[in-house]
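Close look at the chain arrangement
Here is how the chains run, residue by residue.
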Number of protein chains: 4
Amino acid sequence: MIRVAIIGASGYTGLESIEILLRHPEARVTYLTALPEECGHVADMFGSLRGRLEMQVEPLDMGKLADSADVALCCLPHKVSMGFVPRLLDTGLKVIDFSADYRLKDVVVYEKYYQPHTDRENLAHAVFGLPELFREDIRSARLVANPGCYPTGALLAIAPLLKNGLIETKGIIVNSVTGVTGGGKNPSVLFHYPNMNENLLAYGIGSHRHMPEMEQIASVVAGTPVEMLFQPHVGPFDRGILSTVYCDPKRSLTKEELHEMYRTFYQSEQFVRVLNGPPALKHVARSNYCHVFPAIAKGKIICFSAIDNLIKGASGQAIQNMNIIFDLEETLGLK
Amino acid sequence: MIRVAIIGASGYTGLESIEILLRHPEARVTYLTALPEECGHVADMFGSLRGRLEMQVEPLDMGKLADSADVALCCLPHKVSMGFVPRLLDTGLKVIDFSADYRLKDVVVYEKYYQPHTDRENLAHAVFGLPELFREDIRSARLVANPGCYPTGALLAIAPLLKNGLIETKGIIVNSVTGVTGGGKNPSVLFHYPNMNENLLAYGIGSHRHMPEMEQIASVVAGTPVEMLFQPHVGPFDRGILSTVYCDPKRSLTKEELHEMYRTFYQSEQFVRVLNGPPALKHVARSNYCHVFPAIAKGKIICFSAIDNLIKGASGQAIQNMNIIFDLEETLGLK
Amino acid sequence: MIRVAIIGASGYTGLESIEILLRHPEARVTYLTALPEECGHVADMFGSLRGRLEMQVEPLDMGKLADSADVALCCLPHKVSMGFVPRLLDTGLKVIDFSADYRLKDVVVYEKYYQPHTDRENLAHAVFGLPELFREDIRSARLVANPGCYPTGALLAIAPLLKNGLIETKGIIVNSVTGVTGGGKNPSVLFHYPNMNENLLAYGIGSHRHMPEMEQIASVVAGTPVEMLFQPHVGPFDRGILSTVYCDPKRSLTKEELHEMYRTFYQSEQFVRVLNGPPALKHVARSNYCHVFPAIAKGKIICFSAIDNLIKGASGQAIQNMNIIFDLEETLGLK
Amino acid sequence: MIRVAIIGASGYTGLESIEILLRHPEARVTYLTALPEECGHVADMFGSLRGRLEMQVEPLDMGKLADSADVALCCLPHKVSMGFVPRLLDTGLKVIDFSADYRLKDVVVYEKYYQPHTDRENLAHAVFGLPELFREDIRSARLVANPGCYPTGALLAIAPLLKNGLIETKGIIVNSVTGVTGGGKNPSVLFHYPNMNENLLAYGIGSHRHMPEMEQIASVVAGTPVEMLFQPHVGPFDRGILSTVYCDPKRSLTKEELHEMYRTFYQSEQFVRVLNGPPALKHVARSNYCHVFPAIAKGKIICFSAIDNLIKGASGQAIQNMNIIFDLEETLGLK
């Protein structure tokens, strides 16, 4: 039985991780931490856990952590996380980090979008935790950088094309719409119910932090630098990201070729399904699945992908990574 | 042309009042005030007014107010309002106050639910602004206490029964569900989109401030003390209040008698419609209408009413009162 | 491993039953049936099952059913179900029936609300499947009548009061609001998205079929005839029923007594939680839990309950019943 | 006072047209028609009109139409409309047609996306009713083809760029999300509330009928053939279209130049507002405004536009056209 600690359990990804672990036959939550002012019974934090999990959320104690867990899911925010991860690793635990702090290999890029990086040593050996692309590296990782929600959806949408060198690596456009949980659990003016209900809008124009993350991994997959324009939007629903990716084929492809190529690429994957039509967000809500559909229209390739931003885009993918690291069946807790 | 000032224009009722006045052929907004830190162009406060109203929101200046307006819609919060209303009245303007400060005639009751009352003098002559019940008093009022949203819906639902002495005046139950704008425009944990979306819950059990307001007015209408149990809920939609009122008939009534009585009671009213079936909230959204439907079931009378909480429950009713005070056609701006 | 057949798998309760069984460690779906025109791969029927369950939905074949299953969840509609249940029982399977056909013991009442009953024999020995009240009877049942969604919520809200004889058995008012899945999966004008979104309305005034069901079971619990007025509403959300039940105490009770009594009554129950404040629908969504909260206000007792209409109100409760019948841990697949 | 007939008043655009005309000081609805089986009191068709408009909806009678109206808003569906428009014109009325039947000047394109065209004569002289681009032609038109909702939003987003020859005319991508009213008022499986709530998906890949309409008008504006890839999506809200348009600048532009150019282009327009940040759908809901925002990101120009699909995308634009034709102030009824 794998013992799992959740560091920074008070947010949406903490709750989702707990929910998944409650269904996991070979892992269980053994330690939950949060800021002192947020601590207390876990059901006082998350009403939906009432009667389902009898645990206290406690301030982080490294000694207690070391004694009680085999792996830490680190759900701390960007910039905060790298202040804790070195110490988590020092306890000997495996660490799966949800923040962006260990995703960008190029420190210059990281520091442009975030702040000075204080843990370059661990950054160097962190593995980008997208199992469909880096499963073998994850298997032996001590520190996994769990991917961003948008990059997960966008990369799974176009990885087959990049890998097979079938599209131009410039001019790729990623148009995404996320649900409001993507903005976290802190109240704000925009996400006040009467402001966001029946609303839809773009944000982060040309500047979203997930853009360099997408480009870095896309470049690794393609074996050549890839340039992507990523435009996020937020819409009036709780969960999910629908990405519509536009790209230019290098050569003419038939619809049949395209589908066949996607099916071949993902044939061994448990959590990616290549559909025959455009994916619906509701069909992936609360699951670890990514539904993809590649299409051809007016000389462009349009690739659609749908994921749950909190599951395949965060906690589900983290547990998938954990299963890989501990050599468990990859789908445990997730199907 | 009636010149209208809106004192405390930064909230939802301020915006709704502006929207109505933009359609009003014989009134116009001439002065908008808010706290200094909220001031600026009105379209920066409310994006939906962009291009439609070129006005600054300014800190309140009594001299400027006196010069620029004939009537003040005072949209300040409970407890704050009574600190301003005396001065507003001193300028010679008519005042329509949206707060609870002038609704409860019994100061003891007011002070139990709110705080010490500091303006008993004006309280004494304030008129409760529910035109369907107190139109003649409103006509000559200098200060109108605009009714609460819940009392408006509940009272219109059962006024015919109370007036005709047909129901027991104890044991009346008012079960209401409001949309989230009823909670105002300040962000909060409960009204954070992902918390309120797909949610529904009760609040204010046995303690909501609109309960004594309902009872006071119901007692006036019935000519005898009325006891009501009011239970509010909040649901996942922007606007509207659906009230389901349960009461005990004093004598047996047929469905036909009941309907006939309601139709007679409201036959001259422009904004109350007696339906043949249960009202749907969406049919009254963004209108000043109240849809009511009385029914009989298992020996009880069930009265349903639907209003828009921001229109008939606030700004629309205020403009209706303004029209009455200034001897305009009562429906101007509202149909 | 319990083998489960779902008869009439094409509706929302079919999908929910499948979802639960996919997480159940000691049961699995072995046979899915639907009308011939609806048959095919289960993922073509429910897109969210894509990749998660490889099964065909087939027309019902009694021989195949008998060979492949230990228990049948019969998800057929009211009136249709009693045409199939006798034959399902003849195969030797246990049957858990989701329809109303075996819930009302009094055939006269059934025939008033539904139609002539054609299977009085099995009706006589069917057990009402509300485990919190009838667990021992369920244990040995061959045919379980799975309760209606509204009665489940309403009865759990007031069972402690009825059992302890603390409330008047006349004049009980059940005011409920359901999500739209309660209306089934067939498109209709009212449930067309733009009609139901941002809407809320009452229906079934004095005539809802769940009213006699509530009264029957409440009377059994109280040991004396109980009269209830049930008023359902439908609101703009997918799932859940919030019930607000008003009743008159026979004697004065303190808030502490009331809570203590509820906690004692439900202390051994895994799926009922007595809260310290009003339940929020979102906290029970997608779970088999019922959250209850009893309160006192103005001389009345108000009991609130929240359930997921498709889980504790249908499929979850059916699996709970199945677990009891097969002597499994009652919470398997449901926690 | 302009007398307005609405032909085919039973759909969403009929209702919106009525709503606008109820606020119009110089026009009024004089005749409403629908299919015989839909006829009756207008408030039985649209509950929100209860008490606000006392009119019957009648089967179309050409004689009565000629006697009672100056202009016909023809809200019939595509393909049906061209069977009626010639007869409407024969009565001497001005006609504003909401269908696609008179929008596509190239009959070959029309027939590819729709069906054989049966009224080429009137097609030849119909004017495309986008006032911001074709105001002068509209002024003297007898037949106005009211634009599609998507083309209205997309064209207003990029017209300044096309007119000034600043972007490549190939490779333009229009990514749009509409609310569910865009799909009309007939219930369907996809738009059944529990299917569409919390959902988002693409449709019409490479084949939407509004694509050739956009291209035709964009080509007129640019003075050269324009190729656009249009990808629509539908999301969980009632109203509005948010379009995100990606295009390639022919030369380098600063953000300031871009904004200045947009402000100049639209400086005389009453219903287009150039914002300083991305538009929010909720700010244009229920208004005739189009909010646009042009931005530069990674070498691309991204233009955002937000409209209400039923107002600026249909009924509001029709009334705007009507105002122009009858030489009224263009904003009457619409501000």
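Everything numeric here is computed off the predicted structure, so don't read it as measured data.

A tally of helices and strands in chain A yields 13 helices and 15 strands. Taking 2.2 N^0.38 as the reference for a compact globule, 335 residues should give roughly 20 Å; the C-alpha atoms of chain A span a radius of gyration of 19 Å, in line with that estimate. Expressed as lengths along the three principal axes of its C-alpha atoms, the size of chain A is roughly 60 × 45 × 40 Å. Of all 335 residues assigned to chain A, the portion counted as buried reaches 66%. Once local pairs closer than 6 in sequence are excluded, the contacts in chain A between residues at least 24 apart make up 71%. Taking the average place of the 32 positive charges on the side chains of chain A and the average place of its 36 negative ones, the gap between the two points comes to 4 Å.

Turning our eyes to something else, we now look at the pairing of strand β12 (residues 241–247) of chain D. Residues and elements named next belong to chain D. Extensive coverage of β12 is indicated by the burial of seven of its seven residues. Judged by which residues are buried, β12 turns out to be covered on both faces: I241, S243, V245 and C247 on one side and L242, T244 and Y246 on the other are all buried. Bridge count for strand β9 (residues 172–178) against β12 is six bridges, and the pairing is antiparallel. Within the sheet, the bridge partner assigned to V177 lies in β12 and is L242. With seven bridges joining them, β12 and strand β15 (residues 300–307) adopt antiparallel strand pairing. Pairing of Y246 across the sheet is with I302, part of β15.

On to the side chain of H233(B). In this structure, H233(B) sits in strand β11 (residues 228–234). In this structure the side chain of H233(B) is engaged in a polar contact, spanning 2.8 Å, whose partner is the side chain of T244(C). Non-local contacts of H233(B), meaning those with residues more than four positions away in its chain, are made with Y150(B), N175(B), S176(B), V177(B), T178(B), L201(B), A202(B), Y203(B), L242(C), T244(C), Y246(C) and F304(C).

The next subject is the sheet that holds strand β5 (residues 71–74) of chain A. Residues and elements named next belong to chain A. Taken in spatial order, the eight strands make up an open sheet running β3-β4-β2-β1-β5-β6-β8-β7, and their pairing is mixed. The two strands at the open ends of the sheet, each matched to only one other strand, are β3 (40–41) and β7 (127–128). Of the strand pairs in this sheet, β7 and strand β8 (residues 143–145) are connected by two bridges, and their pairing is parallel. Bridge assignment links F128 to a residue of β8, and that residue is A145.

Turning to unusual backbone geometry, a few remarks are in order. Of all residues except glycine, most have a negative phi; of all peptide bonds, most are trans. Despite not being glycine, R286(B) has its phi angle at roughly 65°, a positive value. By the secondary structure assignment, R286(B) is in the loop between α12 (281–284) and β14 (290–297). Of note in the backbone geometry, E198(D) takes a positive phi value of approximately 60° without being a glycine. Looking at where E198(D) falls in the secondary structure, it is placed in the loop between α9 (193–196) and β10 (201–202).

So, on to the pairing of strand β1 (residues 2–7) of chain A. All names here are of chain A. The buried fraction of β1 is high, at five of six residues. Of the pairings in the sheet, the one linking β1 to strand β2 (residues 27–33) comprises six bridges and is parallel in character. Its bridge partner lying in β2, A5 is registered against Y31. Tracing the backbone out of β1, into helix α1 (residues 12–22) and back to the parallel element β2 gives a crossover that is right-handed. Here β1 pairs with β5 via four bridges, running parallel. Bridging across to β5, V4 finds its partner in V71.

Counting residues in hydrophobic clusters, the biggest one holds 245 residues, and the most contacted among them are L161(A) and L161(D). With sequence-adjacent residues up to four places away left out, L161(A) is seen in contact with L166(A), I167(A), C247(A), L258(A), M261(A), Y262(A), I301(A) and C303(A). Counting 242 residues, the second-largest nonpolar core is a separate cluster that includes C74(B), M82(B), L32(C) and M45(C).

Time to look at the relation of the copies chain A and chain D. Each copy superposes on the other: chain A lies on chain D with an RMSD of 0.0 Å after a rotation of 180° and an axial shift of 0.0 Å. This pairing of chains is accounted for by a two-fold axis. Minimal C-alpha separation from the rotation axis in chain A is found for P236(A), amounting to 3.4 Å. Of the residues that chain A buries at the interface, 100% are likewise interface residues in chain D, meaning the two copies contact each other through the same surface.

Taken together, the contact between chain D and chain C spans 19 residues of the former and 19 residues of the latter. Of the roughly 1500 Å² buried where chain D meets chain C, counting both sides, 59% is carbon and sulfur surface. Together, P187(D), H192(D) and Y193(D) form the three largest contributors to the area buried by chain D at its contact with chain C, with a combined 44%. Our count for the contact surface shared by chain D and chain C stands at zero salt bridges. Counting every contact that joins chain D to chain C gives twelve residue pairs in polar contact (both at pLDDT 80 or more). Looking at which element gives the most residues to the side of chain D that touches chain C, the answer is α9(D), with four residues. Looking at the side of chain D that touches chain C, its residues break down into ten nonpolar, seven polar and two charged.

Another aspect to go through is the interface of chain A and chain D. With 40 residues of chain A in contact, the opposing surface of chain D contributes 40 residues. Counting every contact that joins chain A to chain D gives two salt bridges. In this structure, K298(A) and E215(D) form a salt bridge, with 2.3 Å as the shortest nitrogen-oxygen distance. For the pair chain A and chain D, the interface holds 20 residue pairs in polar contact (both at pLDDT 80 or more). Among the residues forming the side of chain A that touches chain D, the class breakdown is 24 nonpolar, nine polar and seven charged.

All right, on to helix α8 (residues 149–163) of chain A then. All names here are of chain A. For α8, built from 15 residues, the straight-helix expectation of 21 Å at 1.5 Å per residue is met to within 8% by its first-to-last C-alpha distance of 21 Å. The largest bend in α8 comes to about 40°, at A157, with the proline P160 one to four residues further on. Most of α8 is tucked away, with 14 of its 15 residues classed as buried. Trailing α8 by a residue or two, G165 shows a phi angle of about 60°, which is positive.

Here we come to the environment of P232(B). Counting through the fold element by element, P232(B) comes out in strand β11. Discounting residues that sit within four places of it in the chain, P232(B) has contacts with Y150(B), S176(B), A202(B), Y203(B), G204(B) and H208(B).

Now for the packing of helix α8 (residues 149–163) of chain D against helix α11 (residues 255–265) of chain D. Residues and elements named next belong to chain D. Look at α8 against α11: their axes get within 10 Å of each other, and the N-to-C directions meet at 105°. The orientation of α8 with respect to α11, classified from their angle, is roughly perpendicular. The residues of α11 that touch α8, namely those facing A157, I158, A159, P160, L161 and K163, are L258, M261, Y262 and F265. When grouped by side-chain class, the residues that make up the contact of α8 with α11 number nine nonpolar, no polar and one charged.

Attention now moves to the packing of aromatic side chains. By convention here, two paired aromatic rings are described through the distance between centres and the angle between planes. Residues and elements named next belong to chain D. In this structure the tally under the stated criterion is 28 aromatic pairs over all chains. Where F293 meets F304, the ring centres are 6.2 Å apart and the plane angle is 20°; that geometry is what we call stacked. You can see F293 sitting in strand β14 (residues 290–297) and its partner F304 sitting in strand β15, a full eleven residues away along the chain. Judged on exposure class, the residue F293 and its partner F304 are both buried.

Our next topic: the domain arrangement of chain A. All names here are of chain A. Splitting chain A by domain gives domain 1 (2–147 + 313–325) and domain 2 (150–309). Taking only C-alpha atoms, the centre of domain 1 and the centre of domain 2 are 24 Å apart. Between domain 1 and domain 2, roughly 2200 Å² of surface is buried when both sides are summed, and carbon and sulfur atoms account for 57% of that area. A per-residue breakdown of the area domain 1 buries against domain 2 is headed by Y12, Y113 and E132, which together make up 28% of the total. Among the ionic pairs, R239 bridges to E16, the shortest N-O distance being 3.0 Å. For the side of domain 1 that touches domain 2, the secondary structure elements donating two or more residues are α1, α5 (107–113), α7 (131–139) and α13 (311–325).

Calculation criteria
- The residue numbers shown here count from 1 along each chain, following its written sequence.
- To label them, take the chains in the order written and letter them from A, then take the ligands in the order written and number them from 1.
- Local features in this predicted model are restricted to residues of pLDDT 70 or higher, and side-chain atom pairs are both shown and tallied only at a pLDDT of 80 or more, whereas totals for entire chains, interfaces and linings draw on every residue.
- To obtain the side-chain values, all non-hydrogen atoms of the structure were used and water was disregarded.
- Only DSSP runs of H or I with at least four residues qualify as helices, and only runs of E with at least two residues qualify as strands; both kinds are numbered from the N terminus onward.
- Note on method: radius of gyration uses C-alpha positions; expected globular size equals 2.2 Å times residues raised to 0.38.
- Under the scheme applied here, a residue whose accessible area is under 20% of the maximum for its type counts as buried, over 50% as exposed, and between as partly exposed, the area being computed with a 1.4 Å probe on protein chains only.
- Should any heavy atoms of two residues lie within 4.5 Å, those residues are considered in contact.
- Residues scored as positive are Lys and Arg, those scored as negative are Asp and Glu, and His as well as the terminal groups of each chain are ignored.
- For the purpose of locating charges, the reference atoms are NZ of Lys, CZ of Arg, CG of Asp and CD of Glu.
- Paired strands, as defined in this entry, are two strands with at least two bridges between them according to DSSP.
- Two N or O atoms form a polar contact when they lie within 3.5 Å of each other; inside protein one atom must be a possible hydrogen donor and the other a possible acceptor, and for residues adjacent in sequence the pair counts only when both atoms belong to side chains.
- When the strands point away from the viewer and the path from the first strand over the helix to the second turns clockwise, the crossover is right-handed.
- In this text, buried Ala, Val, Leu, Ile, Met, Phe, Trp, Tyr and Cys residues form a nonpolar core when linked through side-chain atoms within 4.5 Å.
- Only residues with pLDDT of at least 70 in both copies count here: their C-alpha atoms drive the least-squares fit that superposes the copies.
- Put simply, buried area is how much 1.4 Å-probe accessible surface two parts lose in total, over both of them, once they are put together.
- Here a salt bridge means any side-chain nitrogen of Lys or Arg lying within 4 Å of a carboxyl oxygen belonging to Asp or Glu.
- Note that Gly is not counted as nonpolar here; it falls among the polar residues with everything else outside the nonpolar set of Ala, Val, Leu, Ile, Met, Phe, Trp, Tyr, Cys and Pro and the charged set of Asp, Glu, Lys and Arg.
- To estimate the expected span of a helix, subtract one from its residue number and multiply by 1.5 Å.
- Bend angle per residue: angle between axes fitted to the 7 residues ending at that residue and the 7 residues starting there.
- For every element, the axis is a line fit to its C-alpha atoms; helices are fit only across the contacting stretch, and the angle between N-to-C directions ranges from 0 to 180 degrees.
- The cut-offs work like this: below 35 degrees is roughly parallel, past 145 is roughly antiparallel, 65 to 115 is roughly perpendicular, and the gaps in between are oblique.
- Here the aromatic set is Phe, Tyr and Trp, taking the six-membered ring for Trp, and pairing holds for ring centres within 6.5 Å; pairs whose planes are under 30 degrees apart are stacked, those over 60 apart are edge-to-face, and all others are tilted.
- Where a domain begins and ends is set by an automatic assignment or by a domain database.

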